[in-house]
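Secondary and tertiary structure notes
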Amino acid sequence: MSDLPGFMSRDEDDVVLDGVAVTNVEQADDVLLLSLSREGLRRKVEGISRWCSVNFMLFNETKSVVMVFGGKAGDRVPLVFGEGCQLQVVTEVSYLGFLVTSSGSSGPLRKHYNVKAQKAKRITGTMRGVEKLTGLLPVPCARKLYMALVDPHLTHGADVMVDHVERARREQEKEQEQYLRRVLGVGSRCRKCILFTETGLIPLQVRRLSLTVKCILYLLRNPALLASAAYRELVSLDFAGHRTWVSRLREAITALPYVVGLLEEINGGVGRWLQGLVDASPDLYFIQGRREPDARGDLAVAAPVALRQYLRVSHPGYRRALTRVLLGEHRYAVRRRGWGQARDRCLCRFCGRVTETVEHLWLVCGRSEVLAAGRRRFMVDIWKAASLEERAELQGLNDDARSQLKVILSSRRWVTISARFAYEIERLLKDSE
Ligand SMILES: [Zn+2]
């Protein structure tokens, strides 16, 4: 198709981007003709018809449409060209995988957000169906499937689409949130920040924005003539005070829940922001201040966003029970305190003397024989697996059940033992309700 530009007439109605006249754009066999007027477009269509006849091809009227942006009602009249041929004017068309609309105040790609959110929703539903046959998928596997099947829909076009319509962005964020809540087995009451700190995934708002900024950096470094010209044109318009893609990008960056300037700050700031949310949540005590292993295996690296070791426990019941304890999504009565219920509603269901906290049931309460027997097994297993230093650390914290339990729950060595005990307690609480 390299000879096609020779058939395109140049006139005063051509779209000009930073001094470059853009008459036609090709993507494989998809051709886009551009003009600022009906007459100009007619000349372009007649040009491509001539090109077809020279190359022994026919111009397909039924597969070609006209779209008018910002026009009047009269612009809906079919475009007539050649000898009685005509092209229909449409308000909605799918172009290169994008659903583009010419009407509506929220921009030409507003419906594209709906379409992609619906596709992500269908995939989440399919995953649910698969899990009915296979049982719950391991978290690393579900995470991989998210990146392979859901993320491509939710980030589709993010490199050129700025999320300036909050409602559209939230529709897609909702799909990401629902998928991750399902993977972790936590409900809507559980804090949103843990969906990312525990799985190592990035909030969609940040991920989409970083893709946009990466695209700009790519345009600035590479000689992609038309895309660079379009970007320079947008910057010029922005400097002239017009509302453009650039001003919307600025608004989208300002809308982030933390302050950023550069791409590194968009990506690096998300970790600090999420860690701040975790640190400010009293019910996330057991995951505050934790560390991930360094190259030597020592727990020394602060990683606000990572796929956590406890999510790799293979038994789905054990894994989910421990997840709920760590993320404050459990059945222990202390949760009722957060719901504003009276103190006596939060007392231990077995001894009735103190608040039913995680550390009380795990390490202290002696009124339930089943619980006490389970705890003996749990502590024996922990003790057997502990090194001399770890035993000394646990003994040193004998008077502080909460800190002692935090040490146990933060260890990678005891994670399966802890998960099994979390599951036993969860079943015990279920039976006592
Ligand atoms: Zn008790």
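Residues numbered from 1 in each chain as written. Predicted model: local features only at pLDDT ≥ 70, side-chain atom pairs only at ≥ 80, totals over all residues.

You'll find the protein entered in an unreviewed UniProt entry as Reverse transcriptase, with Ephemerocybe angulata given as the organism.

Focus: the environment of G125
Relative to the helices and strands, G125 resides in helix α2 (residues 110-134). Taking C-alpha positions, G125 is 23 Å from R191, a pair spaced 66 residues apart along the chain. (Helix = DSSP H or I, 4+ residues; strand = E, 2+ residues; numbered from the N terminus.)

Re the confidence of the model for the protein
Averaged over all residues, the pLDDT of the protein is 89; the fraction at 70 or higher stands at 99%. Ranking the helices and strands of the protein by mean pLDDT puts helix α3 (residues 139-154) first, with 96, and helix α11 (residues 335-338) last, with 76. (pLDDT = per-residue confidence, 0-100.)

Focus: helix α7 (residues 225-239)
With 15 residues, α7 extends 21 Å from end C-alpha to end C-alpha; this agrees with the ideal 21 Å at 1.5 Å per step. Phi turns positive, to about 95°, at G241, one or two residues after α7. (Expected span 1.5 Å × (residues − 1).)

Quick look at the environment of Q288
Inspection of the secondary structure assignment puts Q288 in the loop between α9 (263-279) and β11 (292-293). A count of 14 C-beta atoms within 10 Å places Q288 in the partly exposed class. The sequence separation of Q288 and A229 amounts to 59 residues, and the corresponding C-alpha distance is 48 Å. Look past the residues within four positions of Q288 in its chain and what remains in contact with it is V278 and D279. (Buried ≥ 20, exposed ≤ 12 C-beta atoms within 10 Å, placed from the backbone. Contact = placed C-beta atoms within 7 Å.)

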